[in-house]
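# A structural walkthrough
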Amino acid sequence: MATLEIKDLHVSVTTEEGEKKILKGVDLTVKTGEVHAIMGPNGSGKSTLAYSIAGHPKYNITGGSVTLDGVDILSMKVDERARAGLFLAMQYPVEVPGVSVANFLRTAKTAIDGEAPKLRTWVKDVNEALERVTLDKDFAQRSVNEGFSGGEKKRHEIAQLELLNPKFAVLDETDSGLDIDALRVVSDGVNRFSGQGDRGVLLITHYTRILRYIKPDYVHVFVAGRVADQGGPELADELEANGYDKYVKAAAEVTSA
Ligand SMILES: Nc1ncnc2c1ncn2[C@@H]1O[C@H](COP(=O)(O)OP(=O)(O)O)[C@@H](O)[C@H]1O
Ligand SMILES: [Mg+2]
(Lines give C-alpha, C1' and ligand atoms only; values in the text may rest on other atoms or scores of the structure.)
(Ligands and ions follow the chains in the order given, each with its own letter.)
Protein backbone atom coordinates (compact mmCIF):
# COMPACT_ATOMS: atom_id res chain seq x y z
CA MET A 1 0.00 0.00 0.00
CA ALA A 2 1.16 3.53 -0.76
CA THR A 3 0.04 6.84 0.74
CA LEU A 4 -0.15 10.28 -0.81
CA GLU A 5 -0.36 12.81 1.98
CA ILE A 6 -1.10 16.51 1.62
CA LYS A 7 -0.61 18.47 4.82
CA ASP A 8 -1.52 22.10 5.47
CA LEU A 9 -0.68 23.01 1.88
CA HIS A 10 -0.52 26.73 1.10
CA VAL A 11 -0.08 27.85 -2.51
CA SER A 12 -0.06 31.24 -4.17
CA VAL A 13 0.46 32.62 -7.66
CA THR A 14 2.27 35.77 -8.65
CA THR A 15 -0.07 38.17 -10.43
CA GLU A 16 0.34 41.75 -11.61
CA GLU A 17 -1.32 42.88 -8.39
CA GLY A 18 1.12 40.83 -6.32
CA GLU A 19 0.94 37.44 -4.60
CA LYS A 20 -2.49 35.87 -4.67
CA LYS A 21 -3.14 33.17 -2.08
CA ILE A 22 -5.16 30.32 -3.54
CA LEU A 23 -4.70 27.26 -1.33
CA LYS A 24 -5.07 28.03 2.35
CA GLY A 25 -4.18 24.91 4.26
CA VAL A 26 -5.25 21.79 2.40
CA ASP A 27 -5.19 18.50 4.30
CA LEU A 28 -5.90 15.32 2.39
CA THR A 29 -4.65 11.74 2.53
CA VAL A 30 -5.18 9.25 -0.30
CA LYS A 31 -4.14 5.63 0.03
CA THR A 32 -3.87 3.13 -2.78
CA GLY A 33 -7.07 1.13 -3.00
CA GLU A 34 -9.12 4.29 -2.45
CA VAL A 35 -11.05 6.60 -4.75
CA HIS A 36 -11.42 10.15 -3.47
CA ALA A 37 -13.62 12.75 -5.09
CA ILE A 38 -12.84 16.43 -4.61
CA MET A 39 -15.89 18.53 -5.37
CA GLY A 40 -16.18 22.25 -5.26
CA PRO A 41 -17.41 25.33 -7.09
CA ASN A 42 -15.50 27.07 -9.87
CA GLY A 43 -12.54 29.07 -8.65
CA SER A 44 -12.19 27.22 -5.35
CA GLY A 45 -8.64 26.12 -6.17
CA LYS A 46 -9.16 22.53 -7.32
CA SER A 47 -6.97 22.84 -10.42
CA THR A 48 -4.38 24.71 -8.36
CA LEU A 49 -4.21 21.70 -6.06
CA ALA A 50 -3.74 19.37 -9.04
CA TYR A 51 -1.05 21.57 -10.60
CA SER A 52 0.76 21.93 -7.28
CA ILE A 53 0.92 18.16 -6.85
CA ALA A 54 2.16 17.83 -10.43
CA GLY A 55 4.81 20.55 -10.05
CA HIS A 56 3.59 23.31 -12.36
CA PRO A 57 6.14 26.16 -12.05
CA LYS A 58 3.48 28.87 -11.85
CA TYR A 59 2.32 27.78 -8.44
CA ASN A 60 4.40 28.83 -5.44
CA ILE A 61 4.27 26.49 -2.48
CA THR A 62 4.38 28.79 0.54
CA GLY A 63 3.71 26.21 3.25
CA GLY A 64 2.88 22.62 4.05
CA SER A 65 3.92 19.38 2.45
CA VAL A 66 3.03 16.72 -0.09
CA THR A 67 4.61 13.32 0.47
CA LEU A 68 4.41 9.93 -1.18
CA ASP A 69 5.13 7.22 1.39
CA GLY A 70 6.79 9.85 3.51
CA VAL A 71 9.04 11.11 0.71
CA ASP A 72 8.74 14.81 -0.12
CA ILE A 73 7.54 15.18 -3.69
CA LEU A 74 7.48 18.99 -3.76
CA SER A 75 11.26 19.07 -4.08
CA MET A 76 11.12 16.67 -7.04
CA LYS A 77 11.17 17.72 -10.67
CA VAL A 78 8.09 16.99 -12.75
CA ASP A 79 9.59 13.88 -14.35
CA GLU A 80 10.75 12.59 -10.97
CA ARG A 81 7.20 12.89 -9.70
CA ALA A 82 6.00 10.79 -12.62
CA ARG A 83 8.65 8.17 -11.90
CA ALA A 84 7.61 8.17 -8.25
CA GLY A 85 4.17 7.08 -9.43
CA LEU A 86 2.08 10.21 -9.90
CA PHE A 87 -0.06 10.92 -12.94
CA LEU A 88 -2.00 14.09 -13.64
CA ALA A 89 -4.75 14.45 -16.23
CA MET A 90 -5.19 18.18 -16.71
CA GLN A 91 -8.44 20.04 -17.03
CA TYR A 92 -7.10 21.70 -20.19
CA PRO A 93 -4.59 19.34 -21.82
CA VAL A 94 -1.90 21.15 -23.83
CA GLU A 95 -1.36 20.74 -27.56
CA VAL A 96 2.02 19.42 -28.66
CA PRO A 97 2.20 20.03 -32.42
CA GLY A 98 4.62 17.78 -34.28
CA VAL A 99 4.68 15.10 -31.59
CA SER A 100 2.50 12.12 -32.39
CA VAL A 101 0.44 10.36 -29.77
CA ALA A 102 2.47 7.18 -30.43
CA ASN A 103 5.81 8.95 -29.87
CA PHE A 104 4.55 10.83 -26.87
CA LEU A 105 3.28 7.68 -25.17
CA ARG A 106 6.46 5.76 -25.90
CA THR A 107 8.67 8.57 -24.60
CA ALA A 108 6.59 8.89 -21.44
CA LYS A 109 6.59 5.13 -20.86
CA THR A 110 10.37 4.96 -21.40
CA ALA A 111 11.01 7.85 -19.03
CA ILE A 112 8.86 6.31 -16.30
CA ASP A 113 10.12 2.72 -16.58
CA GLY A 114 13.75 3.68 -17.20
CA GLU A 115 13.81 1.49 -20.33
CA ALA A 116 12.04 1.49 -23.66
CA PRO A 117 9.02 -0.80 -23.89
CA LYS A 118 9.40 -3.80 -26.20
CA LEU A 119 8.26 -2.62 -29.61
CA ARG A 120 6.02 -5.53 -30.58
CA THR A 121 4.03 -5.73 -27.39
CA TRP A 122 4.00 -1.96 -27.03
CA VAL A 123 2.29 -1.30 -30.37
CA LYS A 124 -0.30 -3.88 -29.43
CA ASP A 125 -0.71 -2.34 -25.97
CA VAL A 126 -1.20 1.14 -27.46
CA ASN A 127 -3.74 -0.09 -29.99
CA GLU A 128 -5.66 -1.92 -27.30
CA ALA A 129 -5.58 1.07 -24.96
CA LEU A 130 -6.94 3.32 -27.73
CA GLU A 131 -9.57 0.76 -28.63
CA ARG A 132 -10.74 0.53 -25.01
CA VAL A 133 -11.45 4.26 -25.04
CA THR A 134 -13.05 3.95 -28.49
CA LEU A 135 -10.32 5.86 -30.37
CA ASP A 136 -9.34 4.57 -33.79
CA LYS A 137 -5.77 3.27 -34.03
CA ASP A 138 -4.96 5.95 -36.64
CA PHE A 139 -5.31 8.33 -33.73
CA ALA A 140 -1.78 7.30 -32.63
CA GLN A 141 -0.34 9.22 -35.60
CA ARG A 142 -1.99 12.54 -34.76
CA SER A 143 -0.20 15.35 -32.96
CA VAL A 144 -0.91 15.31 -29.23
CA ASN A 145 -4.16 17.16 -28.50
CA GLU A 146 -3.92 19.21 -31.71
CA GLY A 147 -7.44 19.62 -33.02
CA PHE A 148 -8.74 16.95 -30.63
CA SER A 149 -12.33 17.41 -29.61
CA GLY A 150 -13.00 17.79 -25.88
CA GLY A 151 -14.04 14.16 -25.69
CA GLU A 152 -10.97 12.93 -27.62
CA LYS A 153 -8.65 14.80 -25.25
CA LYS A 154 -10.18 13.16 -22.23
CA ARG A 155 -10.27 9.71 -23.79
CA HIS A 156 -6.63 10.10 -24.80
CA GLU A 157 -5.77 10.97 -21.17
CA ILE A 158 -7.44 7.77 -20.02
CA ALA A 159 -5.48 5.76 -22.60
CA GLN A 160 -2.33 7.38 -21.17
CA LEU A 161 -3.41 6.53 -17.65
CA GLU A 162 -3.89 2.88 -18.51
CA LEU A 163 -0.61 2.57 -20.41
CA LEU A 164 1.52 4.38 -17.83
CA ASN A 165 -0.34 2.74 -14.95
CA PRO A 166 0.87 4.98 -12.11
CA LYS A 167 0.26 4.44 -8.39
CA PHE A 168 -1.80 7.60 -8.03
CA ALA A 169 -3.91 9.37 -10.61
CA VAL A 170 -5.04 12.96 -10.14
CA LEU A 171 -7.84 13.57 -12.63
CA ASP A 172 -8.88 17.19 -12.98
CA GLU A 173 -12.40 17.59 -14.42
CA THR A 174 -12.01 14.49 -16.54
CA ASP A 175 -15.75 14.70 -17.04
CA SER A 176 -16.05 18.28 -18.27
CA GLY A 177 -17.43 18.67 -21.76
CA LEU A 178 -18.18 15.00 -22.23
CA ASP A 179 -21.37 13.68 -23.74
CA ILE A 180 -22.99 10.72 -22.05
CA ASP A 181 -21.21 8.06 -24.16
CA ALA A 182 -17.77 9.59 -23.65
CA LEU A 183 -18.49 9.99 -19.96
CA ARG A 184 -19.16 6.28 -19.73
CA VAL A 185 -15.99 5.39 -21.69
CA VAL A 186 -13.87 7.64 -19.47
CA SER A 187 -15.50 6.37 -16.27
CA ASP A 188 -15.01 2.75 -17.33
CA GLY A 189 -11.31 3.51 -17.86
CA VAL A 190 -10.95 5.03 -14.41
CA ASN A 191 -12.78 2.06 -12.90
CA ARG A 192 -10.50 -0.41 -14.71
CA PHE A 193 -7.50 1.48 -13.40
CA SER A 194 -8.68 1.54 -9.78
CA GLY A 195 -10.12 -1.97 -10.06
CA GLN A 196 -6.59 -3.39 -10.42
CA GLY A 197 -6.24 -2.69 -6.71
CA ASP A 198 -3.29 -0.94 -5.10
CA ARG A 199 -4.01 2.24 -7.06
CA GLY A 200 -5.20 5.59 -5.72
CA VAL A 201 -7.50 8.05 -7.49
CA LEU A 202 -8.09 11.70 -6.73
CA LEU A 203 -11.01 12.67 -8.92
CA ILE A 204 -11.63 16.40 -9.15
CA THR A 205 -14.99 17.54 -10.41
CA HIS A 206 -17.62 20.18 -9.92
CA TYR A 207 -20.50 18.07 -11.18
CA THR A 208 -21.85 15.08 -9.32
CA ARG A 209 -22.78 13.35 -12.56
CA ILE A 210 -19.52 11.39 -13.02
CA LEU A 211 -20.05 9.95 -9.53
CA ARG A 212 -22.94 7.92 -10.90
CA TYR A 213 -20.32 5.94 -12.82
CA ILE A 214 -17.32 6.15 -10.53
CA LYS A 215 -18.15 5.37 -6.92
CA PRO A 216 -15.87 7.27 -4.58
CA ASP A 217 -14.96 5.90 -1.16
CA TYR A 218 -14.54 9.44 0.15
CA VAL A 219 -15.92 12.82 -0.90
CA HIS A 220 -14.23 16.10 0.02
CA VAL A 221 -15.93 19.45 -0.41
CA PHE A 222 -13.42 22.02 -1.56
CA VAL A 223 -14.25 25.70 -1.03
CA ALA A 224 -12.10 28.83 -0.93
CA GLY A 225 -8.79 26.99 -1.03
CA ARG A 226 -9.39 24.34 1.57
CA VAL A 227 -11.34 21.21 2.40
CA ALA A 228 -14.56 22.42 4.00
CA ASP A 229 -16.18 19.06 4.66
CA GLN A 230 -15.68 15.39 4.02
CA GLY A 231 -17.66 12.22 4.12
CA GLY A 232 -18.62 9.11 2.21
CA PRO A 233 -20.45 8.82 -1.11
CA GLU A 234 -23.65 10.10 0.54
CA LEU A 235 -22.05 13.55 0.71
CA ALA A 236 -22.09 13.68 -3.11
CA ASP A 237 -25.84 13.03 -3.06
CA GLU A 238 -26.30 15.82 -0.57
CA LEU A 239 -24.28 18.18 -2.79
CA GLU A 240 -26.34 17.20 -5.79
CA ALA A 241 -29.49 18.10 -3.86
CA ASN A 242 -28.32 21.26 -2.11
CA GLY A 243 -25.30 22.58 -4.02
CA TYR A 244 -22.31 24.30 -2.47
CA ASP A 245 -24.25 27.25 -1.08
CA LYS A 246 -23.93 26.59 2.62
CA TYR A 247 -20.19 25.97 2.34
CA VAL A 248 -19.60 29.06 0.24
CA LYS A 249 -21.52 31.18 2.77
CA ALA A 250 -19.63 29.71 5.71
CA ALA A 251 -16.29 30.34 3.97
CA ALA A 252 -17.30 33.94 3.20
CA GLU A 253 -18.13 34.51 6.88
CA VAL A 254 -14.73 33.21 7.95
CA THR A 255 -13.00 35.46 5.41
CA SER A 256 -14.91 38.59 6.38
CA ALA A 257 -14.62 37.97 10.14
N1 LIG B 1 -2.01 31.22 -12.90
C2 LIG B 1 -2.90 31.96 -12.26
N3 LIG B 1 -2.82 33.32 -12.20
C4 LIG B 1 -3.73 34.05 -11.54
N5 LIG B 1 -4.77 33.53 -10.87
C6 LIG B 1 -4.91 32.20 -10.88
C7 LIG B 1 -4.00 31.34 -11.57
N8 LIG B 1 -4.38 30.06 -11.39
C9 LIG B 1 -5.50 30.13 -10.65
N10 LIG B 1 -5.81 31.40 -10.33
C11 LIG B 1 -6.98 31.84 -9.54
O12 LIG B 1 -7.08 31.01 -8.42
C13 LIG B 1 -8.43 30.69 -8.16
C14 LIG B 1 -8.61 29.20 -8.20
O15 LIG B 1 -8.46 28.72 -9.53
P16 LIG B 1 -8.52 27.18 -9.94
O17 LIG B 1 -7.51 26.45 -9.13
O18 LIG B 1 -8.43 27.08 -11.41
O19 LIG B 1 -9.99 26.81 -9.42
P20 LIG B 1 -10.97 25.62 -9.85
O21 LIG B 1 -10.17 24.60 -10.57
O22 LIG B 1 -11.53 25.14 -8.54
O23 LIG B 1 -12.04 26.22 -10.70
C24 LIG B 1 -9.24 31.45 -9.20
O25 LIG B 1 -9.66 32.65 -8.62
C26 LIG B 1 -8.26 31.68 -10.31
O27 LIG B 1 -8.56 32.84 -11.05
MG1 LIG C 1 -10.33 23.68 -12.36
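The structure under discussion appears in the preceding block.
Let me sum up the structure you'll find in this document. (Residues numbered from 1 in each chain as written. Chains lettered and ligands numbered in written order. Predicted model: local features only at pLDDT ≥ 70, side-chain atom pairs only at ≥ 80, totals over all residues. Heavy atoms only, no water.)

## What about the site of ligand 1?
Taken together, the neighbourhood of ligand 1 is formed by 14 residues, with Gly43, Lys46, Ser47, Thr48 and Lys58 sitting nearest. Take Gly45: an N or O atom from its main chain is 3.0 Å from an oxygen atom of ligand 1. Between an oxygen atom of ligand 1 and a side-chain N or O atom of Lys46, the distance comes to 2.8 Å. Considering ligand 1 on its own, with 560 Å² of exposed area, one finds that the protein chains cover 70% of that surface. Mapped onto the shell around ligand 1, the elements with two or more residues apiece are β1 (3–15), β2 (18–31) and α1 (46–54). Among the elements that take part in the shell around ligand 1, α1 stands out by supplying three residues, more than any other. Residue composition of the shell around ligand 1, grouped by class: four nonpolar, seven polar and three charged. (Near = heavy atom within 4 Å. Polar contact = N/O pair within 3.5 Å; in protein donor to acceptor, adjacent residues only side chain to side chain. Areas by Shrake-Rupley, 256 points an atom, 1.4 Å probe, with all protein chains shown as cover. Helix = DSSP H or I, 4+ residues; strand = E, 2+ residues; numbered from the N terminus. Nonpolar A, V, L, I, M, F, W, Y, C, P; charged D, E, K, R; others polar.)

## Remarks on the packing of aromatic side chains
Inspection of the entire model under this criterion finds two aromatic pairs. Between Phe139 and Phe148, the aromatic rings sit 4.5 Å apart at their centres with planes inclined by 45 degrees, giving tilted as the arrangement. With respect to burial, Phe139 and Phe148 carry one shared label: buried. (Phe/Tyr/Trp six-rings, centres within 6.5 Å; stacked < 30°, edge-to-face > 60°. Buried < 20%, exposed > 50% of the residue type's maximum accessible area, 1.4 Å probe, protein only.)

## Section: the coordination of the magnesium ion (ligand 2)
In this structure, Ser47 (OG) and Gln91 (OE1) serve as the protein donors to the magnesium ion (ligand 2), at separations of 2.1 to 2.2 Å. Within this pair, whereas Ser47 is found in helix α1, its partner Gln91 is found in the loop between β6 (86–89) and β7 (96–100), the two being separated by 44 residues in sequence. (Donors = N, O, S within 2.8 Å, 3.2 Å for Na, K, Ca; no water.)

## Some thoughts on the layout of surface pockets
The gaps of empty space that remain are located by a probe, the size of a water molecule, rolled over the atoms. Estimated volume of the largest pocket: approximately 710 Å³. Lining the largest pocket we find 31 residues, and of these Val78, Ala82, Leu88, Met90 and Phe104 sit closest to its centre. Counting only elements with at least two residues in the lining of the largest pocket, the list comes to α1, α2 (78–84), β6, β7, α3 (101–113) and α5 (150–164). For the lining of the largest pocket, the leading source of residues is α2, giving five residues. In the lining of the largest pocket, the residues fall into 22 nonpolar, five polar and four charged. Forming the boundary of the second largest pocket are Lys24, Val223, Ala224, Arg226, Val227, Ala228, Tyr247, Ala250, Ala251, Val254 and Thr255. Residue assignment for the lining of the second largest pocket shows that the elements contributing at least two residues are β12 (226–231) and α8 (245–256). Here the element with the most residues in the lining of the second largest pocket is α8; it accounts for five residues. In terms of residue class, the lining of the second largest pocket is built from eight nonpolar, one polar and two charged. (1 Å grid on protein atoms, 1.4 Å probe; cavity = no way out; pocket = protein on both sides within 12 Å on 5 of 7 lines; lining within 4 Å. Points joined across faces, edges and corners; volume = space filled by probe spheres on them.)

## A closer look at a positive patch on the surface
On the surface, a cluster of positive charge is contributed by Lys20, Lys21, Lys24 and Arg226. Broken down by element, the residue count for the positive patch peaks at three residues, all from β2. Relative to the helices and strands, Arg226 is located in strand β12. For Arg226, a relative accessible area of 39% translates into the label partly exposed. (Patch = residues over 30% accessible without salt bridge, like charges linked within 9 Å, V, L, I, M, F, W, Y side chains within 5 Å. Salt bridge = Lys/Arg side-chain N within 4 Å of Asp/Glu carboxyl O. Lys, Arg positive; Asp, Glu negative; His and termini not counted. Charge placed at Lys NZ, Arg CZ, Asp CG, Glu CD.)

## With respect to the pattern of salt bridges
The full count for this structure, using the stated rule, is eight salt bridges. In this structure, Asp79 and Arg83 form a salt bridge, with 3.5 Å as the shortest nitrogen-oxygen distance. Here Asp79 and its partner Arg83 are both found in helix α2, four residues apart, which amounts to about one turn of the helix. On the accessibility criterion, Asp79 (38% relative accessible area) is partly exposed. Residue classification places Arg83 among the partly exposed residues on the basis of a relative accessible area of 44%. The residue Lys109 makes a salt bridge to Asp113 at a minimum N-O spacing of 3.5 Å. Here the residue Lys109 and the residue Asp113 both occupy positions in helix α3, the gap between them amounting to four residues, near one helical turn. What you see here is one network of salt bridges that share partners, running through Arg132, Glu162 and Arg192.

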